[in-house]
Amino acid sequence: MLARRFWPNDGVGPAPWRDETEINDCDDRRMKRMSVALVVAGLLSVTIPGGAVHAASASESLDSVVQAIKKQFAKKSTVRFSVRRRGGPSPSEDLRISGAYRFNALGMYAADLTEISRERAATGRSREITIGREFYSQGYVRSDEGKYTWRSPQTLGEWTYGRNFSGVVWGKDLVNGINPGFLELVASYGATSADGGTFEGVKTTLHTGTVTVTKLTERQAGISFDTEEEGVHGGQIAWKLWTGPDNLPRRFQAIMKFTWPEGDEAGTMTMNIVYRGWGTPVKITAPPERLISDDW
């Protein structure tokens, strides 16, 4: 059985899936990381015209970005996103994730996402829903010959259920361009801004910087950091954030070096996220009770 693996201090649990891409039925990232690596078609690319780089002034600082995001939280708004992630310390997986978030005043309240991973002769696919602390998921690994080598639940179309799993809960410690906690941290280390060119028809400002953290780890909700507690991996994060005229993020890139305390060779992970459709209506609901399975 190919099962999903976690680095130390991660949330744990199973990872199920239903083969649907529309965001109308609920899910949030699976509790068990399938050991299948995605063949990534390449990192997201944007042509960035040359622009004078300068220290961010008060009007251009990340403060305005944080305030714009918090206004979306207060409005209980939504955003759609897509992620491509490559590399990291062993064991690592290359992943492609797409979905949507719905917010409340504190941040992400509900999420519906689909995750695809790929390795030799097999493809892993999962769909996950989080609503508050309620978590639903379904997933499988299927060989290129069409044989299912792992399924959770065993019956396709059913969902597993759990609640209060800390690993799936969005927090202020996630490396993400729409996380105020991360943006406030990197702003304290200094940032520069420049003309970011046009991305998907929107004129952007490019904010960049680096920050060093004592702990980097992975959990179901994403890559998390800590600046006080030390972990197996710490390291430097080089980040870029493209924001639109409304100061809302449009694209985020983080290159993370996962270093070992003993000085062993670092593992590098590159993560690209694109944010689309701010405020576009998104319906995220729990699966029908009749489809909830006790089969993990």
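Residues numbered from 1 in each chain as written. Predicted model: local features only at pLDDT ≥ 70, side-chain atom pairs only at ≥ 80, totals over all residues. Heavy atoms only, no water.

Colleague: Where do I start with helix α2 (residues 180–188) in this structure?
Modeller: Working note: α-helix, 3.6 residues per turn, so residues spaced by three or four point in the same direction. Among all positions of α2, only P180, G181, F182, L183, L185 and V186 are buried. Structurally, α2 contributes buried residues whose contacts are with α1 (62–74), β10 (202–213), β12 (222–226), β13 (235–243) and β14 (249–258). Capping the start of α2, N179 holds a side-chain oxygen 3.1 Å from the backbone nitrogen of G181, two or three residues further along. Directly beyond the C-terminal end of α2, a positive phi value near 95° is found at G190. (Buried < 20%, exposed > 50% of the residue type's maximum accessible area, 1.4 Å probe, protein only. Helix = DSSP H or I, 4+ residues; strand = E, 2+ residues; numbered from the N terminus. Contact = heavy atoms within 4.5 Å. Polar contact = N/O pair within 3.5 Å; in protein donor to acceptor, adjacent residues only side chain to side chain.)

Colleague: Got a minute to help me understand the pattern of salt bridges in this structure?
Modeller: A side chain with one charge can pair with a side chain of the opposite charge if their charged atoms come near. Scanning the entire structure with this criterion turns up nine salt bridges. Linking E134 and R163 is a salt bridge whose minimum nitrogen-to-oxygen distance equals 2.8 Å. Residue E134 is located in strand β6 (residues 134–143), and its partner R163 is located in strand β8 (residues 160–163); the two are separated by 29 residues in the primary sequence. For E200, the salt bridge identified is with R276, shortest N-O distance 2.6 Å. Taken together, the positions of E200 in the loop between β9 (192–199) and β10 and R276 in strand β15 (residues 267–276) put the pair 76 residues apart, joining distant regions of the chain. Accessibility expressed as a relative area gives 39% for R276, which makes it partly exposed. (Salt bridge = Lys/Arg side-chain N within 4 Å of Asp/Glu carboxyl O.)

Colleague: Is there a simple way to think about the layout of surface pockets in this case?
Modeller: Rolling a probe over the atoms, with the probe sized like a water molecule, indicates the empty space that remains. Space inside the largest pocket adds up to approximately 360 Å³. Lining the largest pocket are 17 residues, and of these F73, A105, L106, G107 and K172 sit closest to its centre. Listing elements by their share of the lining of the largest pocket, those giving two or more residues are α1, β4 (107–119) and α2. The residue makeup of the lining of the largest pocket, split by class, is eight nonpolar, six polar and three charged. (1 Å grid on protein atoms, 1.4 Å probe; cavity = no way out; pocket = protein on both sides within 12 Å on 5 of 7 lines; lining within 4 Å. Points joined across faces, edges and corners; volume = space filled by probe spheres on them. Nonpolar A, V, L, I, M, F, W, Y, C, P; charged D, E, K, R; others polar.)

Colleague: Looking at this structure, I do not really get α1. What am I missing?
Modeller: Between its first and last C-alpha, α1 extends 18 Å over 13 residues, near the 18 Å set by a 1.5 Å rise per residue. Within the sequence span of α1, burial applies to L62, S64, V65, V66, A68, I69, Q72 and F73. Turning to α1, the residues buried within the fold contact β3 (95–104), β4, α2, β10, β13 and β14. Immediately downstream of α1, the backbone of K76 shows phi near 55°, a positive value. (Expected span 1.5 Å × (residues − 1).)

Colleague: Explain empty space enclosed by the protein to me, please; I cannot follow it from the model alone.
Modeller: Scanning the model with the defined rule gives two cavities of 30 Å³ or more in all. Volume-wise, the largest cavity comes out at about 230 Å³. Around the largest cavity, the lining comprises 21 residues; the ones closest to its centre are V83, Y101, N176, A221 and G222.

Colleague: Help me out: how do you make sense of the pairing of strand β11 (residues 215–219) in this one?
Modeller: Within a regular beta strand, the side chains point alternately toward one face of the sheet and then the other, so they alternate between its two faces. Of all five residues in β11, five are buried, a share of seventy percent or more. Burial along β11 is two-sided: K215, T217 and R219 and L216 and E218, pointing in opposite directions, are all buried. Bridge analysis of β11 against β12 gives five bridges, and the strand direction is antiparallel. Bridge pairing links T217 to S224 in β12. Turn length for the β11-β12 hairpin, with the two strands adjacent in sequence and antiparallel, is two residues. (Pairing = 2+ DSSP bridges.)

Colleague: How do you make sense of the pairing of β6 when you look at a structure like this?
Modeller: With nine of ten residues buried, β6 is to be regarded as a mostly interior element. Where strand β5 (residues 122–131) and β6 come together, ten bridges link them in antiparallel fashion. Bridge pairing in β6 links T130 to F135. Between β5 and β6, which pair antiparallel in sequence order, lie two residues; one of them, G132, sits at a positive phi of approximately 65°. As defined by bridge partners, β6 adjoins β8 across four bridges and the pair is classed as antiparallel. Each residue of the ladder has a partner; that of Y136, found in β8, is Y161. Examined bridge by bridge, β6 and strand β7 (residues 148–152) share four bridges and lie antiparallel to one another. Each bridged residue has a counterpart across the sheet, and for R142 the counterpart in β7 is Y148. The hairpin turn running from β6 into β7, its antiparallel successor, is four residues long, and G146 in that turn takes a positive phi close to 95°.

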